[in-house]
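Structure assessment
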Amino acid sequence: MSLLSVQNLKMHFPVRGGVFYTTQAVCKAVDGVSFELKAGETLGLVGESGCGKSTVARSVVRLLKPTSGNVIFEGNDISTQPQSALRTMRREMQMIFQDPAESLNPRHTIGQILEEPFIIQKMGTRAERAEWSVELLKRVGLPADAMFRYSFEFSGGQRQRIGIARAIALNPKLIVCDEPVSALDVSVQSQVLNLLLELQRDMGLSYLFIAHGLNVVKHMSDRVAVMYLGKIVELAPASELYQNPRHAYTKALLDAIPIADPTQRRERQLLRGDVPSPINPPAGCAFGHRMKHPKWEQSVGMDLTLKEITPGHFVQPCPCCT
Amino acid sequence: MPTPLLEVRNLRVGFQTDVGLLTAVDDVDFILEAGKTLGVVGESGCGKSVTAMSLMRLLPQPAGRILSGEVLLEGRDLTKLPIDAMRKIRGNDIAMIFQEPMTALNPVQPVGMQIIEAIQLHEPTTPAKALRRAVELMEWVGIPAPEQRVNEYPHQLSGGMRQRVMIAMALSCHPKVLIADEPTTALDVTVQAQILDLLKRLQNETGMAVILITHDLGVIAETCDDVAVMYAGRIVERGPVYPIFAKPQHPYTQGLIRCLPKLDHPPKTTLPVIPGMVPSLRDMPAGCRFASRCPNPHSTDVLNTRQPWKECGSGHGVEACACFASQISAS
């Protein structure tokens, strides 16, 4: 059985305005996303900014209440649970944010930040909590005296380590990583990625790993889902997706990765335009619409739920892009 | 040998702070030839942007100043020019684009007006002509429907379009040198590819030289002719892009290239790392600054004495720390 099962998740935001502040349009940030995540597995989620990656992440940990659809974690549907039940559930699922500078309270010492999860969950005595916090710091490779310092005294990489320490404090099963290394330098990035892999091996963590760096996602993930305008257009085992992409958007994304080898310079097929707005998205296949594909019209009104073409490789079955 | 378009010699830039004078850029030199692209790569805080700012003489005042060195644009030393002469150079000869176009553009003025302002500052022209020129420029950098876009505000444009506006503004007076400071860092890969392609096309059309500052080695590999690798305020390795990637000499360059997750790398395996962190500006060693993170065994002498610069191929040079100087092979 899978640890996490997301079924037809939709997250629509009303766009209000006008004299009476009425709903003028609906922003369909996430529009029917389904995936499964097994224990100990990493699912990568990639796509351009504005495609709904972060909204999916926030809905999975119920920082946002989905408009419709189910998020089933260990058999419980968390999308409908009352607020009071969420606290126990959040022991099992935690989140790591993109910018560690903004996700750590600047007025708290690192000790206070790391003890907070235990205080919220009413665990341990003061002495025990301090002891656990030191353990956590050691676990992520920081010295114990960091306890008494503030987040601004640390570099970006160290701050991200603190963010990770806080996320693993309660021994969760699932960690949602929302762009955990995008703000870091290359040499520090690999240190943090190694730490995440090591923790996964030791603690059996599952990751929902969101990033726009496709090289990073490939390295971290067992399976990768590609999102475009609120929908998953392709989902496959990582190596399969990168070697044998089937959807035109996946191909375009992969083609745009700069390769750190000057002997492999090449002419690329540039994508024109930007991601369209999720407010009033086009009918049918949104990417076919952007590319003005001649077969796009056939996709309007079609059932675009993902189809399994080879074992484990799912792709949106539109006539224009696959 | 003809005078190069831009030559930077022994540039040192410092900031006066509460804890004394901190040298952010220490003895940087490089040459930029007309029509070429020089990539400057390094981690945050290594002095890439400060170098760029000092070429433009736009260091934050009063804290920042050029301590010594020369910036020669066609033989003219920019560091000694009076303010008004420098103002004519900016835009006309050297222009700059920034990482985050949202903060670089004025949010309460239509983008067209901002381009017009740049044009009118440098050449006397009528408003109508300037407007027409702005529309042409926007079309040139690939903004669809420029007649409408001139009247739009920055928030109405996407990140890629904003960066195009910045480029249009920078190129409005045909500069000889364009400094692009992390121009695509805030953008998606697909848009990044568009912007890099645009820069290349504009460079071919105008023959301008580009200094491309980035931390992304992929971008460097795809767009630059020459590379300067900066670490902790100094250039540690410099040369044409092919030998730098094929035969990096400095352990820092080697480490940077190695620790990138590559697409053909076995997934979920431990990545090579550069351990530790950049030393603080406050206690920067006089000698090799990479020593504390260097995988090679070395004596403490390398920390105390400045390590010599050594050429190891045509145009390819490296700060030859004693820990690897004997192994340098000509490329």
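Residues numbered from 1 in each chain as written. Chains lettered and ligands numbered in written order. Predicted model: local features only at pLDDT ≥ 70, side-chain atom pairs only at ≥ 80, totals over all residues. Heavy atoms only, no water.

Let's shift gears to the overall build of chain A. What chain A contains, in helices and strands, is 12 helices and 12 strands. Here chain A has a C-alpha radius of gyration of 21 Å; the compact-globule value for 322 residues is 20 Å, and the two agree. Counting the 322 residues in chain A, one finds 51% classified as buried. Put simply, of all contacts in chain A between residues at least 6 apart along the chain, 64% involve residues at least 24 apart. Working note: accessible area of chain A is about 14,100 Å², and carbon and sulfur atoms make up 51% of it. Taken together, the 36 basic and 31 acidic charged side chains of chain A have centroids lying 4 Å from each other. (Helix = DSSP H or I, 4+ residues; strand = E, 2+ residues; numbered from the N terminus. Rg over C-alpha atoms; globule rule 2.2 N^0.38 Å. Buried < 20%, exposed > 50% of the residue type's maximum accessible area, 1.4 Å probe, protein only. Contact = heavy atoms within 4.5 Å. Areas by Shrake-Rupley, 256 points an atom, 1.4 Å probe, with all protein chains shown as cover. Lys, Arg positive; Asp, Glu negative; His and termini not counted. Charge placed at Lys NZ, Arg CZ, Asp CG, Glu CD.)

All names here are of chain A. Looking at the assigned domains, one finds that chain A contains domain 1 (4-92 + 173-261) and domain 2 (102-169). Distance between the C-alpha centres of domain 1 and domain 2: 25 Å. Every contact between the two is made by 15 residues of domain 1 and, on the other side, 13 residues of domain 2. Carbon and sulfur atoms make up 62% of the area that domain 1 and domain 2 hide from each other, which totals about 1,200 Å². Interface area lost by domain 1 to domain 2 is led by Arg 87, Arg 91 and Leu 195, which between them contribute 37%. Here domain 1 is connected to domain 2 by 2 salt bridges. In this structure, Asp 202 and Arg 139 form a salt bridge, with 2.6 Å as the shortest nitrogen-oxygen distance. Along the contact surface separating domain 1 from domain 2 lie 5 residue pairs in polar contact (both at pLDDT 80 or more). Grouping the amino acids of the side of domain 1 that touches domain 2 by side-chain chemistry returns 10 nonpolar, 1 polar and 4 charged. (Domains from an automatic or database assignment. Buried area = accessible area lost by both parts, 1.4 Å probe. Salt bridge = Lys/Arg side-chain N within 4 Å of Asp/Glu carboxyl O. Polar contact = N/O pair within 3.5 Å; in protein donor to acceptor, adjacent residues only side chain to side chain. Nonpolar A, V, L, I, M, F, W, Y, C, P; charged D, E, K, R; others polar.)

Turning our attention to the interface of chain B and chain A. Listed as interface residues are 44 residues of chain B and, on the opposing side, 46 residues of chain A. When chain B packs against chain A, close to 3,700 Å² is buried across both sides, 56% of that on carbon and sulfur atoms. The three residues of chain B that bury the most area against chain A are Glu222(B), Leu263(B) and Lys268(B), which together make up 21% of that side's buried surface. One can count 2 salt bridges joining chain B with chain A.

All names here are of chain A. Pairing in this open sheet of 4 strands is antiparallel, and the strands run β2-β1-β4-β5 from one edge to the other. Either end of the sheet is taken by a strand with one partner, and the two such strands are β2 (22-37) and β5 (76-77). Summarising the sheet, strand β1 (residues 4-17) and β2 pair through 12 bridges and their orientation is antiparallel. If you follow Gly 17 over to β2, its bridge partner there is Thr 22. Most of the contacts of helix α1 (residues 53-60) go to β1, to which it runs at about 115°, and overall it touches β1, β2 and β4 (68-73). (Pairing = 2+ DSSP bridges. Axes fitted to C-alpha atoms, helices over the stretch in contact; angles between N-to-C directions.)

Residue and element names in this part refer to chain A. Taking 1.5 Å per residue as the helical rise, helix α7 (residues 186-203) with its 18 residues ought to reach 26 Å, and the 26 Å between its terminal C-alpha atoms agrees with that figure. Counting buried residues in α7 gives 14 out of 18 residues, a clear majority hidden from the surface. Gly 204 sits one or two positions beyond α7 and adopts a positive phi of about 65°. (Expected span 1.5 Å × (residues − 1).)

Next up on the list: the pairing of β1(A). All names here are of chain A. Where β1 lies against β4, 5 bridges are found, and the strand directions are antiparallel. Within the sheet, the bridge partner assigned to Gln 7 lies in β4 and is Asn 70. In textbook terms, the turn of a hairpin is the stretch between consecutive antiparallel strands, and for β1 and β2 this stretch comprises 4 residues, one of which, Gly 18, has a positive phi near 80°.

This paragraph deals with the sheet that holds strand β7 (residues 174-178) of chain A. Residue and element names in this part refer to chain A. Overall, mixed pairing links the 8 strands, which are arranged β6-β7-β8-β3-β9-β10-β12-β11 in an open sheet. Each end of this open sheet is capped by a strand with a single partner; those strands are β6 (93-96) and β11 (307-310). Ignoring which end each strand starts from, the neighbouring axes of this sheet average 20° apart. On the sheet, helix α6 (residues 156-168) packs against β6 and β7 and is oriented at approximately 175° with respect to β6. In this fold helix α10 (residues 248-255) packs onto β3 (42-46), β9 (223-228) and β10 (231-237), with an angle of close to 105° to the strand it touches most, β9.

A separate point is the confidence of the model for chain B. Summary statistics for chain B give a mean pLDDT of 90 and a share of 99% for residues scoring 70 or more. In the model output, the complex is listed with pTM 0.88 alongside ipTM 0.83. (pLDDT = per-residue confidence, 0-100.)

Bringing the nonpolar core into the picture now. Formed by 72 residues in total, the largest nonpolar core has its most connected members in Ile97(B), Ile115(B), Val165(B), Ile167(B), Leu178(B) and Tyr252(B). The element best represented in this core is helix α7 (residues 159-170) of chain B, accounting for 7 residues. Residue contacts for Ile97(B): discarding those within four places in its chain leaves Gln163(B), Met166(B), Ile167(B), Ala170(B), Leu178(B), Ile179(B), Ala180(B), Asp181(B), Pro183(B) and Leu199(B). Ranked by size, the runner-up nonpolar core spans 67 residues in total, among them Leu170(A), Leu193(A), Leu196(A) and Ala256(A). (Core = buried A, V, L, I, M, F, W, Y, C linked by side-chain atoms within 4.5 Å.)

Attention now moves to the packing of α7(B) against helix α8 (residues 189-206) of chain B. Residues and elements named next belong to chain B. The contact between α7 and α8 brings their axes to 10 Å, and the two run at 20°. Taken together, the axis directions place α7 and α8 in an arrangement best described as roughly parallel. Our pair here, α7 against α8, has a crossing hand that is right-handed. Contacts between α7 and α8 involve Gly 160, Gln 163, Arg 164 and Ile 167 on the former and, on the latter, Val 191, Gln 194, Ile 195, Leu 198, Leu 199 and Leu 202. Split by residue class, the contact of α7 with α8 holds 6 nonpolar, 3 polar and 1 charged. (Parallel < 35°, antiparallel > 145°, perpendicular 65-115°, else oblique. Left-handed = near helix turned anticlockwise from the far one by under 90°.)

Considering the arrangement of structural elements, one finds Asp185(A) in the loop between β7 and α7. Notably, Asp185(A) is buried but unbridged: the nearest opposite-charge side chain belongs to Lys48(B), and the N-O separation is 5.6 Å. Within polar-contact distance, the side chain of Asp185(A) engages the side chain of Ser44(B) at 2.5 Å.

According to the stated counting rule, one finds 27 salt bridges over all chains in the structure shown. A salt bridge links Asp31(A) to Lys231(A), with the shortest nitrogen-to-oxygen separation between them at 3.6 Å. Pair noted here: Asp31(A) is in strand β2 and Lys231(A) is in strand β10, with a separation of 200 residues, a long-range link. You can call Asp31(A) buried: its relative accessible area is 15%. Put simply, Arg12(B), Asp26(B), Arg234(B) and Arg289(B) are held in one network by salt bridges that share partners.

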